[in-house]
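Reading the structure
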Amino acid sequence: MKELPDAVDRHILDHRVIHALKAIMDACGCTLHEAIDIFGVRYEELRRDRPDDFQVSREEYGRNVYT
């Protein structure tokens, strides 16, 4: 996977899903569907490596986000 800009991690950690997806699409030149897949991988990496940096719990994170 192409290295993502730091803004992607900040958006993911701050629960700004749409902003993260847009930043991924801009950085990678990919479709929304591809960005969702990339987001999922990076989200899991961050949950594993930086769990205390998240603003909301895993259960709350996906609430009201429909793809």
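Since this is a predicted model, take the numbers as computed values, not measurements.

Take the environment of I38 next. Tracing the backbone shows I38 in helix α3 (residues 32-49). Under the relative-accessibility criterion, I38 is labelled buried at 16%. Between the alpha carbons of I38 and I24 there is a distance of 7.7 Å; along the sequence they are 14 residues apart.

We now examine the side chain of R47. Topologically, R47 is positioned in helix α3. Excluding anything up to four places from it in sequence, R47 contacts F54, V56, S57, R58 and Y61.

Here we take up helix α1 (residues 6-13). Think of an α-helix as 3.6 residues a turn; residues three or four steps apart then line up on the same face. Restricting attention to buried positions, one finds in α1 the residues V8, D9, H11, I12 and L13. Those residues of α1 that are buried are in contact with α2 (17-28), α3 and α4 (58-61). H15 lies just past α1 and shows a positive phi near 65 degrees.

Attention shifts here to α2. For α2, with 12 residues, the first-to-last C-alpha span of 16 Å sits near the 16 Å given by 1.5 Å per residue. Of the residues making up α2, those classed as buried are V17, A20, L21, A23 and I24. Seen end-on, α2 carries its buried residues on one side only, within an arc spanning 165 degrees. Exposed residues on α2 whose side chains face more than 90 degrees from its buried face are I18 and D26. Buried residues in α2 make contact with α1, α3 and α4. G29 occupies a position one or two residues after α2 and carries a positive phi of about 65 degrees.

Parameters and conventions
Position labels on residues start from 1 in each chain and follow its written sequence. Local features in this predicted model are restricted to residues whose pLDDT is 70 or higher, and side-chain atom pairs enter the listing and the counts only when it is 80 or higher, whereas totals over whole chains, interfaces and linings include all residues. Only hydrogens and water are removed before side-chain values are computed, so all heavy atoms of the structure are retained for them. Segments assigned H or I by DSSP are reported as helices when at least four residues long, segments assigned E as strands when at least two residues long, and all are numbered from the N terminus. The classification of residues rests on relative accessible area computed with a 1.4 Å probe and restricted to protein chains. Under 20% of the type maximum is buried, over 50% is exposed, and intermediate values are partly exposed. Any two residues having at least one pair of non-hydrogen atoms within 4.5 Å are treated as being in contact. Working rule for helices: expected span equals 1.5 Å times residues minus one. The arc in question is formed by the directions pointing from the helix axis toward the C-beta atoms.

Geometric values such as these leave the question of function open.
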